[in-house]
Amino acid sequence: MFPNRTMISKTIGRINKFFEIASSLVLLATLVMTCVDVVGRYFFNSPLQGATELTELAIALIVFFVFPVVCYQRKHVSIDILDSYFPKRFEFARDAVTNVLIAASLFYLSFQIFNLAARAAKRNESTEMLSLEIYPLFYGIGVFCLIGGVFTFLCIFFPDTETKSNELNSYD
């Protein structure tokens with residue numbers, strides 16, 4: 001038996017909330033780490049070893065943690081050049097085709113990132129200073145892209161009328 005729309009929507013909302021909290025925690029940890037690094041560097045002449053690498057990895061995590069959130073909340077950048085040429089009755093079809101194309105792109109991107117992660121694991125690639133293996137990060141990024149693709153695809157079946165009615169149009 002296929003679960004009802006409300007249950008799916010709530011589950012997606014919970015997953016979305018997890019990604020919001022996780023990205024916020026990684027950002028907070030990056031902020032604290034940067035403060036410790038700066039204080040250590042300027043006051044004690046002892047910078048935090050590997051802070052640059054950890055910051056780079058944290059930024060990658062933050063960007064891709066937020067990726068499914070952006071897809072779910074439909075907050076990605078979009079340009080409405082062709083909107084005035086589409087009649088209202090074709091709006092759903094236009095949005096569905098757009099979501100399918102974006103989802104397909106994200107699925108392809110996640111497939112490529114999984115291949116990159118497998119190569120990194122096979123070659124034992126690691127960061128330069130701290131020697132942290134990078135393939136787990138790549139696998140995580142691939143999973144986040146995959147989830148973003150699923151969320152984008154589900155947007156076809158769960159159109160968000162609230163988001164569309166609250167859009168800000170500075171040209172109207």
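This structure is a prediction, so every number in the text was calculated from the model and none was measured.

*Asks:* Kindly report on the overall build of the protein chain, identifying the contributing residues and their values.
*Replies:* Helix and strand content of the protein chain: five helices and zero strands. The secondary structure elements of the protein chain, listed N-terminal to C-terminal, are α-α-α-α-α. For 172 residues, the compact-globule formula gives about 16 Å, and the C-alpha radius of gyration of the protein chain, at 20 Å, lies well above that figure. Overall, the C-alpha framework of the protein chain stretches about 65 × 40 × 35 Å when taken along its three principal axes. Burial status across the protein chain gives 28% buried among its 172 residues. Relative to all contacts within the protein chain whose residues are 6 or more apart in sequence, the contacts with residues 24 or more apart total 77%. Carbon together with sulfur atoms contributes 66% to the accessible area of the protein chain, which is approximately 12,200 Å² in total.

*Asks:* Which residues make up the packing of aromatic side chains, and what values do they have?
*Replies:* Under the counting rule described, the total for this entry stands at eight aromatic pairs. Each residue in the set Phe18, Phe19, Phe65 and Phe144 is aromatic and connected to the rest through ring pairs, giving one cluster.

*Asks:* Pulling in residues and values, what's your account of the side chain of Asn16?
*Replies:* Structurally, Asn16 can be placed in helix H1 (residues 5-43). On the basis of relative accessibility, which here comes to 5%, the residue Asn16 falls in the buried class.

*Asks:* Provide a residue-level description of the side chain of Asn99, including the pertinent values.
*Replies:* The residue Asn99 is located in helix H3 (residues 91-122) in this model. Other than its neighbours up to four places away in sequence, Asn99 contacts Thr152, Cys155 and Ile156.

*Asks:* Tell me about the packing of H1 against helix H2 (residues 51-73), residues and numbers included.
*Replies:* At their nearest, the axes of H1 and H2 sit 9 Å apart, and the two run at 160° to each other. By the angle between their axes, H1 is roughly antiparallel relative to H2. In the crossing of H1 with H2, the sense of the turn from one axis to the other is left-handed. By residue class, the composition of the contact of H1 with H2 is 17 nonpolar, eight polar and two charged.

Parameters at a glance
- Residues numbered from 1 in each chain as written.
- Predicted model: local features only at pLDDT ≥ 70, side-chain atom pairs only at ≥ 80, totals over all residues.
- Heavy atoms only, no water.
- Helix = DSSP H or I, 4+ residues; strand = E, 2+ residues; numbered from the N terminus.
- Rg over C-alpha atoms; globule rule 2.2 N^0.38 Å.
- Buried < 20%, exposed > 50% of the residue type's maximum accessible area, 1.4 Å probe, protein only.
- Contact = heavy atoms within 4.5 Å.
- Areas by Shrake-Rupley, 256 points an atom, 1.4 Å probe, with all protein chains shown as cover.
- Phe/Tyr/Trp six-rings, centres within 6.5 Å; stacked < 30°, edge-to-face > 60°.
- Axes fitted to C-alpha atoms, helices over the stretch in contact; angles between N-to-C directions.
- Parallel < 35°, antiparallel > 145°, perpendicular 65-115°, else oblique.
- Left-handed = near helix turned anticlockwise from the far one by under 90°.
- Nonpolar A, V, L, I, M, F, W, Y, C, P; charged D, E, K, R; others polar.

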